[in-house]
Structure formats: C-alpha cells, structure tokens
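A look at the structure
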Amino acid sequence: MAADDVIDLNTFILEKLPPTIYYIPEFITEEEEKALWKSVYDAPKPKWTRLLNRRLQNWGGLPHPKGMIAEKMPQWLGTYCDKIALLGVFQDKTPNHVLVNEYLPGQGIMPHTDGPLYYPVVSNITLGSHSVLDFYHSISSDADNISSTGDTMAEGHQVEKKEDGNREISLEERYIGSVLLEPRSLVLTMNDMYENYLHGIADVKKDQINEKMANLHLTSAVQGEEKDRNTRISLTIRFVPKVLKTKIKLGR
Ligand SMILES: O=C(O)CCC(=O)C(=O)O
Ligand SMILES: [Fe+2]
C-alpha cells in the first residue's frame, strides 16, 4: 500500500464472517515493519510485562474502569494511530492506546472479548510472522455472565465464566472461522464481531491453511498449505474513551 493511497475499506470486508471485519494486506511497507520491530525491541526492559504465555508492552497508559492515566504516545506508534484514525472507523477519534504483544511459536491468546474499557473497534497490525485469529460464538452477550481474569485484567480483557446453563458448549462447537494474519497486514474488528464474538490465537507452532480462513483471497497463502509460525509482534491499536486528567506535572 503506497503511502498516499486512499484505502477503500469496502474492498477489504470479509463477507464470510459476521459484521464487521476488514483485512487490509500490506497496510505498512517492509521498511516500516522493520522500523517498528526495532522500536519494539529497543524499548526499555521494564516496558515488558511477562504473562504466562507471552510478553506485552502497554503504550498510552493502563486502561482502568476509573479512567486511564494517559501517557504520551511515542512518535513511532503515534504515526500509526494517526494513519488508522484516517480510515474513519473511530469516527472523529484518534486511537490513544497501543498494546504490543509478542508471540513465540507455540504461544497464543485465549479466546476473549476486548471488553468495555475500549471504544468498540480494534485494529491489529502484524509484524514478523503470520498468525491465525480464530473467532467463536460467545455463550451469552449478557455482561453479567462475563468476568475478568487475572491474566488479562491489565489489558481490560473479558473472559467468560465457565458456568452457563447445564452444559458447557465446547469451544470447537462455538468456532465460526478464522482470519489469516500476514505480516504487515491490518485487521479491523467492530460491530457485532467486536461485541458478541470471542477472538483468540491457538498456541500452536504451525497452521494448516484451510477454507475456514475468511480472507484467503487477500493473502499469498493457498489452501492445504502448512505454515510454520515464527516470532510475531502485534500492535493492538484502540481508543480508550475514559481518560483521567491528572494535576501532577513533572518538571516545570
Ligand atoms: O495479537 C493479536 O493480534 C490479538 C491481540 C488481542 O486480541 C488483544 O490484545 O486483545
Ligand atoms: Fe483481543
């Protein structure tokens, strides 16, 4: 995608999945990908938070139900917050929060919804390796049935409570389809897909490319192919509406 191209999102809507998810291949150039990769690994060590199965960096502040104490977005990420704002999916808002996730082969993220701390649109840029984002029916869209868990609290994630009716419906039964995330791509998830479906990444080292991937026509992959995962960095770019204005000023 050349720098000045106007992106017509209609070209990139994934019709095989519930509304609305867009997959935009080559959203950034290889040079931009390299520069972002370097900036992520140049970040000071304490920026990393280690979870059980992956590492992450929080930029822009820590989302919290009472409000996020905003921290200045570094320019290397701010550029992409601005670029995504131009797509119009955040209306007149500019994303103010970026979560950097690092996944080694065999690492993933359990199925979850992103929850109420964020404006209900999420954008993800993929760097390094491909991965596969899987979507599932949630058991219930009733917020009372949903709770946060320790692993994900800092990120404002919501993971469903196990009990629901008499029978636990297996994840397999709730699976609806996937999106193959190729390096340099952008995926936008909103509306029903954001509110009422779970997304996750399986903790596997390779992926079988199959017809359940709703965006194969927009990728370089072919059905039946097996792809080994390498280290993937994702930038999850969102807007946190509730921001606390602090009186504390550092310096003068
Ligand atoms: O790594 C990804 O693409 C997804 C990350 C995600 O779902 C999240 O941070 O909420
Ligand atoms: Fe998520």
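Summary of the structure given here. Each chain has its residues counted from 1, following the order in which its sequence is written. Chain letters and ligand numbers both follow the written order, the letters beginning at A and the numbers at 1. Side-chain atom pairs in this predicted model are given and counted only at pLDDT of 80 or more, local residue features only at pLDDT of at least 70, and totals for whole chains, interfaces and linings cover all residues. Hydrogens and waters are ignored; side-chain quantities use all the structure's heavy atoms.

Let's shift gears to the sheet that holds strand 11 (residues 175–181). Strands belonging to one sheet form pairs held by backbone hydrogen bonds; the direction of such a pair is parallel or antiparallel. Strand pairing requires that DSSP identify at least two bridges connecting the strands. Put simply, DSSP marks the helices as runs of H or I at least four residues long and the strands as runs of E at least two long, and each gets a number from the N terminus on. The 4 strands are arranged 6-13-8-11 in an open sheet whose pairing can be described as antiparallel. Where the open sheet ends on each side, the last strands, each with one partner, are strand 6 (109–112) and strand 11. Looking at each pair of strands side by side, their axes are set apart by 20° on average, direction ignored. Axis lines are fitted to C-alpha atoms, over the contacting stretch for helices. Their N-to-C directions set the angle, which ranges from 0 to 180 degrees.

Our next topic: the pattern of salt bridges. Basic side-chain nitrogens of Lys or Arg form a salt bridge, by our definition, when they fall within 4 Å of a carboxyl oxygen of Asp or Glu. Within this structure, the stated rule accounts for 10 salt bridges. For glutamate 182, the salt bridge identified is with lysine 227, shortest N-O distance 4.0 Å. Here lysine 227 lies in strand 15 (residues 226–228) and glutamate 182 lies in the loop between strand 11 and strand 12 (186–190), a separation of 45 residues in the sequence. Here the two residues glutamate 182 and lysine 227 agree in accessibility, since each one is buried. Overlapping salt bridges, with partners in common, bring together Glu26, Glu33 and Arg184 in one network. Burial here depends on accessible area, computed with a 1.4 Å probe over protein chains only, as a share of the maximum for the residue type. Under 20% is buried, over 50% is exposed, and the range in between is partly exposed.

Okay, the sheet that holds strand 3 (residues 55–59) next. Strand order in the open sheet made by the 7 strands is 1-12-7-16-5-3-2, with antiparallel pairing throughout. Strand pairing shows two members of the sheet lacking a second neighbour, strand 1 (21–24) and strand 2 (48–50), which therefore form its edges. Here the average twist between neighbouring strands, direction ignored, is 20°. With 7 bridges joining them, strand 5 (residues 97–103) and strand 16 (residues 232–238) adopt antiparallel strand pairing. Across the sheet, asparagine 101 pairs through a bridge with serine 234, a residue of strand 16.

Before going further, it helps to spend a moment on unusual backbone geometry. With omega at 0°, the peptide bond leading from proline 19 into threonine 20 counts as cis. By the element assignment, threonine 20 lies in the segment before strand 1. Positive phi values are uncommon outside glycine, yet glutamine 91 reaches one of about 55°. Checked against the element boundaries, glutamine 91 lands in the loop between helix 2 (75–85) and strand 5. Of note, asparagine 191 is a non-glycine position whose phi angle comes to about 55°, a positive value. Turning to its location among the elements, asparagine 191 is positioned in helix 4 (residues 191–196). Given the relative accessible area of 41%, asparagine 191 is considered partly exposed.

The topology assignment puts glutamate 33 in helix 1 (residues 30–42). Classification of glutamate 33 as buried rests on a relative accessible area of 9%. Polar contacts involving the side chain of glutamate 33 include one to the side chain of arginine 184, which spans 2.8 Å. Throughout, a contact is declared for two residues whenever any of their heavy atoms are within 4.5 Å. Each residue touching glutamate 33, except ones within four places of it in the same chain, is listed here: Ile28, Leu127, Gly128, Pro183 and Arg184. Counting of polar contacts relies on pairs of N or O atoms within 3.5 Å, with two restrictions inside protein: one atom must be capable of donating a hydrogen and the other of accepting it, and residues adjacent in sequence are counted only when both atoms are side-chain atoms.

As a further point, take the nonpolar core. We define the nonpolar core as a collection of buried residues of types Ala, Val, Leu, Ile, Met, Phe, Trp, Tyr and Cys that are connected through side-chain atoms lying within 4.5 Å of one another. In this structure, Ile24, Phe27, Val98, Ile125, Leu188 and Leu235 are the most contacted members of the largest nonpolar core, which totals 50 residues. Setting aside residues up to four positions removed in sequence, isoleucine 125 forms contacts with Phe27, Ile28, Tyr80, Ile84, Ser185, Leu186, Ile233, Ser234, Leu235 and Ile237.

A separate point is helix 1. Expected helix span is computed as 1.5 Å times (number of residues minus one). With 13 residues, helix 1 extends 18 Å from end C-alpha to end C-alpha; this agrees with the ideal 18 Å at 1.5 Å per step. All buried positions along helix 1 are accounted for by Glu33, Leu36, Ser39 and Val40. Buried residues of helix 1, viewed axially, fall in a sector of 130°; they line one side. Facing away from the buried side of helix 1, by more than 90 degrees, are the exposed residues Glu31, Lys34, Lys38 and Asp42. Of the surrounding secondary structure, the elements contacted by the buried residues of helix 1 are strand 2, strand 3, helix 2, strand 5, strand 7 (121–128) and strand 16. This arc is built from the directions going out from the helix axis to the C-beta atoms.

Geometrically, a metal with four donors at the corners of a regular tetrahedron has ideal angles of 109.5 degrees, and one with six donors at the corners of a regular octahedron has ideal angles of 90 or 180 degrees. Donors, by definition, are the N, O and S atoms found within 2.8 Å of a metal, the threshold being 3.2 Å for Na, K and Ca, and water is not counted, so a site can look incomplete. Here the iron ion (ligand 2) is held by the protein donor atoms His112 (NE2), Asp114 (OD) and His199 (NE2), which lie 2.1 to 2.2 Å from it. Going along the chain, you hit the donors of the iron ion (ligand 2) in the pattern H-x1-D-x84-H. Highlighted residues: histidine 112 in strand 6 and histidine 199 in strand 13 (residues 197–201), separated in sequence by 87 residues.

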